[in-house]
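# Observations on the three-dimensional arrangement
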Amino acid sequence: MADQNAPSPIPTLGRFPALDRVRVPADLRNLSVEQLKQLADELRAETVDAVSTTGGHLGASLGVVELTVALHAVFDTPDDRVIWDVGHQAYPHKILTGRRDRIRTLRQPGGLSGFTRRAESPYDPFGAAHSSTSISAGLGMAVAHHLRAEDDPSYRERNVIAVIGDGSISAGMAYEAMNNAAVAGPGAERLIVILNDNEMSIAPPVGAMSNYLSRLMSSRKFMELRELAGKFVKKLPAPMERTARKADEYARGMITGGTLFEELGFYYVGPVDGHDLPQLVNILRNLRDTDKGPILLHVITEKGHGYRPAENAGDKYHAVAKFNVITGEQKKGPAGPPSYTSVFARELVRRAQTDHRLTAITAAMPSGTGLDAFAKNYPDRFFDVGIAEQHAVTFAAGMATEGLRPFCAIYSTFLQRAYDQVMHDVVLQNLPVRFAIDRAGLVGADGATHAGSFDIAYLGCLPGMTIMAPSDELELLHMTATAIEFDEGPIALRYPRGNGLGLDLPAEGQVLEIGKGRIIREMGRQFGAETGGIAILSLGPRLGACLKAADMLAAQGLPPTVADARFAKPIDTALLENLARNHAVLITIEEGSEGGFATQVCHHLACTGLLDQVRFRPMTLPDRFIDHNTQDAQYDEAGLSAPHIVATALNALGVRLTEERTA
Ligand SMILES: Cc1ncc(C[n+]2csc(CCOP(=O)(O)OP(=O)(O)O)c2C)c(N)n1
Ligand SMILES: CC(=O)[C@@H](O)[C@H](O)COP(=O)(O)O
Ligand SMILES: [Mg+2]
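As recorded in an unreviewed UniProt entry, the chain goes by the name 1-deoxy-D-xylulose-5-phosphate synthase, listed as coming from Acetobacter ghanensis. Within the UniProt record for the chain, the comment given under Catalytic activity (unreviewed entry) is "D-glyceraldehyde 3-phosphate + pyruvate + H(+) = 1-deoxy-D-xylulose 5-phosphate + CO2".

Take the site of ligand 1 next. Around ligand 1, a shell composed of 19 residues is seen, among which H88, G167, S168, N198 and K303 lie nearest. Within the side chain of E389, one N or O atom sits 2.7 Å away from a nitrogen atom of ligand 1. Protein chains bury 92% of the 580 Å² of accessible surface belonging to ligand 1 in isolation. Across the shell around ligand 1, the residue classes break down as 7 nonpolar, 8 polar and 4 charged.

Ordered in space as β12-β14-β13-β16-β17, the 5 strands form an open sheet in which the pairing is mixed. At either margin of the open sheet sits one strand with a lone partner, and together these are β12 (518-521) and β17 (615-619). Averaged over all pairs of adjacent strands, the angle between their axes in this sheet comes to 25°, without regard to strand direction. Pairing of strand β16 (residues 585-590) with β17 involves 5 bridges; the strand directions are parallel. Looking at the pairing, I587 lines up with R617 of β17. Its contacts with the sheet place helix α24 (residues 597-607) against β13 (534-539), β16 and β17, and it is angled at close to 150° to β16.

Glancing now at the coordination of the magnesium ion (ligand 3). The protein atoms that coordinate the magnesium ion (ligand 3) are D166 (OD) and N198 (OD1), at distances spanning 2.2 Å. Placement of the pair is D166 in the loop between β2 (160-165) and α7 (172-181) and N198 in the loop between β3 (191-197) and α8 (208-218), with a sequence separation of 32 residues.

Contact geometry for helix α2 (residues 33-54) and helix α5 (residues 91-99): axes closest at 10 Å, N-to-C directions at 110°. Between α2 and α5, the angle is such that the two are roughly perpendicular. You can see that α2 and α5 cross each other, and the crossing is right-handed. Note on element contacts: α5 touches α2 through Y91, P92, I95 and L96, opposite L39, L43, E46, T47 and V51.

Rules used in this analysis
- Residues numbered from 1 in each chain as written.
- Chains lettered and ligands numbered in written order.
- Predicted model: local features only at pLDDT ≥ 70, side-chain atom pairs only at ≥ 80, totals over all residues.
- Heavy atoms only, no water.
- UniProt positions renumbered as here; feature names shortened; annotations may be inferred.
- Near = heavy atom within 4 Å.
- Polar contact = N/O pair within 3.5 Å; in protein donor to acceptor, adjacent residues only side chain to side chain.
- Areas by Shrake-Rupley, 256 points an atom, 1.4 Å probe, with all protein chains shown as cover.
- Nonpolar A, V, L, I, M, F, W, Y, C, P; charged D, E, K, R; others polar.
- Pairing = 2+ DSSP bridges.
- Helix = DSSP H or I, 4+ residues; strand = E, 2+ residues; numbered from the N terminus.
- Axes fitted to C-alpha atoms, helices over the stretch in contact; angles between N-to-C directions.
- Contact = heavy atoms within 4.5 Å.
- Donors = N, O, S within 2.8 Å, 3.2 Å for Na, K, Ca; no water.
- Parallel < 35°, antiparallel > 145°, perpendicular 65-115°, else oblique.
- Left-handed = near helix turned anticlockwise from the far one by under 90°.

Spelled out as structure tokens, the structure:
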């Protein structure tokens, strides 16, 4: 029997009668359009109420409430697949697809993911969070349905809908997919791409005429008309046929602006009002029943639509903390110390004043990377290239060949998308591009898709790459100055999401010696290689946990040496060899996956024969993904907190672990 006092997972039960009657999308399909409109209003209110208690990506979700209702009302989901690109707008989708009772666990430990996730629901056919993947995945599914239908008729006529935003469609991958769609063969005709265009200032005006055209464009009558014209054209001699067909496409393109998509082989429909539910249902029904695909439906929506505080906000409430539903006021905690991001940006802006070779490049994340400050000061040296990390890197490489000093600021997880550009265009040519790798390490509520776990591993294996990792914001200040001055080739500084320790910061950073680490704390004189000396070599902000562990070990009579590597590459081999020769145990620790700093250390110890002389214990992120939680809880789960360091040291020493020792 459920605990009567436990808070209801759906505290709004009763407030939204239409929504209360919907458990799964099939419950939508016998509702009238008027009932669907009521449902959409209630779904929007439920989304606002839920996200006010969890925080999250509210704006994008509010912009697609009508579209979500229309899609699930018209298409036979989950057999018809709906893929949400990025997936940050999928909260209404989650509420309608049997997860309303868990939507208030969004981005919480053990709760729903903030993005779509296959493991979470059959209504989530594809995991997302990194943008611009939906058309490729959708095309793959559509072609697969055709092939599977040979043995299993239930796959016949299944539709695949990829909902992609105007931001996400700026990524090259989207064009690779669209370019292929026209020639991918049977099955591709069942692909419907919905371009969710919520940048109103650039979209053509929507209204009665456009609605009429779009209804016409998608209606059977117009398609039959085109069919008839097509048959006639077929009878013309080839050159004339090609010209006539082009004329038809450009004529439609002229009316609707869809020429680009038509040229890519899509049947373009739109632009239509993405908040006009009756119109959406009509159009989607037409598109569902046609085999004219692949189709691109261009809908115009407003990010944050229907919730005034979001509509009025500059960022349209793209990502919000918990908030007051009435006022929209977000409940942000105390400001706290400056973030790593702001410390990096401040030093870059300061140095750019005198060094005119400095430029700054972001891939659609000016505020997240802190480069909005640089943009304000030096608009002609700031470049937001859209969601186009691959282009951003090689664009920076081009600048570097002409003597500029470009800073490419890309989150660790998103830099993964530009790996070959880093290797082939920057590192192989030894170009002095600076990579400001923000959100390195575990990032909290965004979970595994956004964790910056792999950059040390994927950059550390590249010849000539220099990688720095600051232990705190003061070190980041110095490393930013170091990166600015460094001209020996590519250099990366990787730093975490969140605030520093609140250290006093000097007006400017000091340039560090490349490849040199530092001893932070010496172990007790009475210890050494034979007498249980413990050395902890830390890379990055885990140094704080190491110092806590050092206090705990000292309290057990085993005061360790603690060193800060500062550089993941090149390693400070003199420091490393000294630690290995003069201690019984050597621990390395990093906020990165296996294959990173520890591997570089192990490789060097093995090559110098020191691996046989010291009990080497690498502490890295585990070889599995860490789900959304707070960052501290994630590092605890990853086994990288102070007690874990103590346990590793004592275990390596062969000291029996007792409760009190690791308390
Ligand atoms: C490869 C990649 N780069 C950057 C991001 C960060 N990001 C998340 S949402 C977003 C904007 C998406 O814009 P749009 O597709 O128009 O969706 P909207 O939020 O407007 O609904 C960005 C840049 C990402 N998720 N993936
Ligand atoms: C949805 C998305 O990918 C971005 O909005 C991302 O969540 C930003 O992360 P930060 O909040 O760390 O800037
Ligand atoms: Mg958009």
